[in-house]
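# Notes for the structure review
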Amino acid sequence: MTEILAVFRSRSQAMDCMTKMRAFNIPAQLINTPKEANVGCGLSIKFPQSVAVRAKSVIARIGYTSFYGFMRIDTRGGKISVRGF
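An account of the accompanying structure is given in this report. (Residues numbered from 1 in each chain as written. Predicted model: local features only at pLDDT ≥ 70, side-chain atom pairs only at ≥ 80, totals over all residues. Heavy atoms only, no water.)

### A few points about the side chain of Thr33
Its place among the elements puts Thr33 in the loop between strand E2 (29–32) and strand E3 (43–48). For Thr33, a relative accessible area of 11% puts it in the buried group. In terms of polar contacts, Thr33 uses its side chain to reach the side chain of Ser44, at 2.7 Å. (Helix = DSSP H or I, 4+ residues; strand = E, 2+ residues; numbered from the N terminus. Buried < 20%, exposed > 50% of the residue type's maximum accessible area, 1.4 Å probe, protein only. Polar contact = N/O pair within 3.5 Å; in protein donor to acceptor, adjacent residues only side chain to side chain.)

Structure follows, in C-alpha coordinates:
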(Lines give C-alpha, C1' and ligand atoms only; values in the text may rest on other atoms or scores of the structure.)
Protein backbone atom coordinates (compact mmCIF):
# COMPACT_ATOMS: atom_id res chain seq x y z
CA MET A 1 0.00 0.00 0.00
CA THR A 2 1.31 3.43 -0.93
CA GLU A 3 0.56 6.46 1.20
CA ILE A 4 1.91 9.99 1.31
CA LEU A 5 3.57 11.73 4.26
CA ALA A 6 3.53 15.46 4.82
CA VAL A 7 6.60 15.93 7.02
CA PHE A 8 6.83 18.75 9.57
CA ARG A 9 9.64 19.84 11.89
CA SER A 10 7.22 21.54 14.30
CA ARG A 11 4.84 19.44 16.33
CA SER A 12 2.41 22.33 16.81
CA GLN A 13 2.22 23.09 13.07
CA ALA A 14 1.72 19.40 12.29
CA MET A 15 -1.15 19.25 14.77
CA ASP A 16 -2.65 22.45 13.32
CA CYS A 17 -2.43 20.97 9.84
CA MET A 18 -4.15 17.80 11.03
CA THR A 19 -7.01 19.95 12.33
CA LYS A 20 -7.29 21.58 8.89
CA MET A 21 -7.30 18.17 7.18
CA ARG A 22 -10.21 17.07 9.34
CA ALA A 23 -12.07 20.31 8.58
CA PHE A 24 -11.79 19.52 4.87
CA ASN A 25 -12.80 15.87 5.40
CA ILE A 26 -9.44 14.57 4.22
CA PRO A 27 -8.74 11.12 5.69
CA ALA A 28 -5.40 11.52 7.44
CA GLN A 29 -3.45 10.36 10.47
CA LEU A 30 -0.93 12.19 12.64
CA ILE A 31 2.11 9.93 13.10
CA ASN A 32 5.71 10.11 14.28
CA THR A 33 7.93 10.63 11.26
CA PRO A 34 9.43 7.22 10.40
CA LYS A 35 13.17 6.92 10.97
CA GLU A 36 13.47 5.70 7.36
CA ALA A 37 12.68 9.26 6.23
CA ASN A 38 16.04 10.45 7.66
CA VAL A 39 14.52 13.77 8.73
CA GLY A 40 15.06 13.51 12.47
CA CYS A 41 12.38 13.94 15.08
CA GLY A 42 9.06 15.31 14.10
CA LEU A 43 5.50 14.55 13.22
CA SER A 44 4.05 13.70 9.86
CA ILE A 45 0.57 13.51 8.47
CA LYS A 46 -0.10 10.30 6.57
CA PHE A 47 -2.84 10.16 3.96
CA PRO A 48 -3.85 8.00 1.00
CA GLN A 49 -2.30 8.86 -2.34
CA SER A 50 -5.84 9.25 -3.72
CA VAL A 51 -6.33 12.49 -1.74
CA ALA A 52 -2.82 13.90 -2.30
CA VAL A 53 -3.98 16.80 -4.49
CA ARG A 54 -6.49 17.98 -1.88
CA ALA A 55 -4.02 17.57 1.00
CA LYS A 56 -1.27 19.44 -0.87
CA SER A 57 -3.71 22.27 -1.54
CA VAL A 58 -4.52 22.65 2.17
CA ILE A 59 -0.83 22.72 3.13
CA ALA A 60 0.09 25.18 0.37
CA ARG A 61 -2.78 27.50 1.31
CA ILE A 62 -1.62 27.79 4.93
CA GLY A 63 2.12 28.14 4.17
CA TYR A 64 3.57 26.32 7.17
CA THR A 65 7.14 27.45 7.92
CA SER A 66 8.16 24.09 9.40
CA PHE A 67 6.85 22.02 6.51
CA TYR A 68 9.71 19.84 5.22
CA GLY A 69 8.09 18.20 2.21
CA PHE A 70 6.15 15.24 0.91
CA MET A 71 7.36 11.66 0.90
CA ARG A 72 5.90 8.45 -0.43
CA ILE A 73 5.73 5.59 2.07
CA ASP A 74 5.35 2.02 0.87
CA THR A 75 4.66 -0.82 3.29
CA ARG A 76 5.13 -4.29 1.90
CA GLY A 77 5.74 -7.46 3.83
CA GLY A 78 6.26 -5.50 7.04
CA LYS A 79 9.05 -3.41 5.51
CA ILE A 80 8.79 0.37 5.22
CA SER A 81 10.25 2.23 2.29
CA VAL A 82 10.28 6.05 2.26
CA ARG A 83 11.27 8.21 -0.73
CA GLY A 84 10.61 11.63 -2.18
CA PHE A 85 7.28 12.47 -3.78
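The structure having been displayed, the exposition proceeds.
### Let's talk about the nonpolar core
Among the nonpolar cores identified, the biggest contains 18 residues, and Ala6, Phe8, Cys17, Ile45, Phe47 and Ile59 are the most heavily contacted of them. For this core, the elements supplying multiple residues, two or more each, are strand E1 (2–8), helix H1 (11–23), E3 and helix H2 (52–62). If sequence neighbours within four positions are ignored, Ile45 has contacts with Ile4, Leu5, Ala6, Phe8, Ala14, Cys17, Met18, Ala28, Gln29 and Leu30. The next biggest cluster of nonpolar side chains, apart from the first, holds eight residues, and it includes Leu5, Ala37, Ile73 and Val82. (Core = buried A, V, L, I, M, F, W, Y, C linked by side-chain atoms within 4.5 Å. Contact = heavy atoms within 4.5 Å.)

### Looking at H2
Of all the residues in H2, the buried ones are Ala52, Ala55, Val58 and Ile59. For H2, the arc enclosing every buried residue in end-on projection is 130°, short of the 170-degree limit, so these residues lie on one face. Those residues of H2 that are exposed and angled more than 90 degrees off the buried face are Val53, Ala60 and Arg61. Directly after H2, the chain includes Gly63, whose backbone phi takes a positive value near 75°. (Arc of directions from axis to C-beta.)

### Some thoughts on the packing of aromatic side chains
Using the criterion set out here, one finds four aromatic pairs in the structure. Aromatic side chains Phe47 and Phe70 sit 6.5 Å apart centroid to centroid with 80° between the ring planes, which places their arrangement in the edge-to-face category. Placement of Phe47 in strand E3 and of Phe70 in strand E4 (residues 67–76) is noted, with a sequence separation of 23 residues between them. The exposure class of Phe70 is buried, given its relative accessible area of 17%. Taking 4.9 Å as the distance between ring centres and 65° as the angle between the ring planes, the aromatic pair formed by Phe67 and Phe70 counts as edge-to-face. Overall, Phe67 belongs to the partly exposed group, its relative accessible area being 24%. Of note, Lys56 hangs over the ring of Phe70, and the distance from its end group to the ring centre comes to 5.3 Å. (Phe/Tyr/Trp six-rings, centres within 6.5 Å; stacked < 30°, edge-to-face > 60°. Lys NZ or Arg CZ within 6 Å of the ring centre and 35° of its normal.)

### A few points about the pattern of salt bridges
Evaluated as defined, the whole model comprises two salt bridges. Between Lys46 and Glu3 there is a salt bridge, with its nearest N and O atoms 3.6 Å apart. Of this pair, Lys46 sits in strand E3 while Glu3 sits in strand E1, and the two are 43 residues apart along the sequence. Put simply, Asp16 and Lys20 hold a salt bridge, and the shortest N to O gap is 3.2 Å. Separated by four residues within a single helix, Asp16 and Lys20 lie in helix H1, roughly one turn from each other. (Salt bridge = Lys/Arg side-chain N within 4 Å of Asp/Glu carboxyl O.)

Read these as spatial facts, not as claims about activity.
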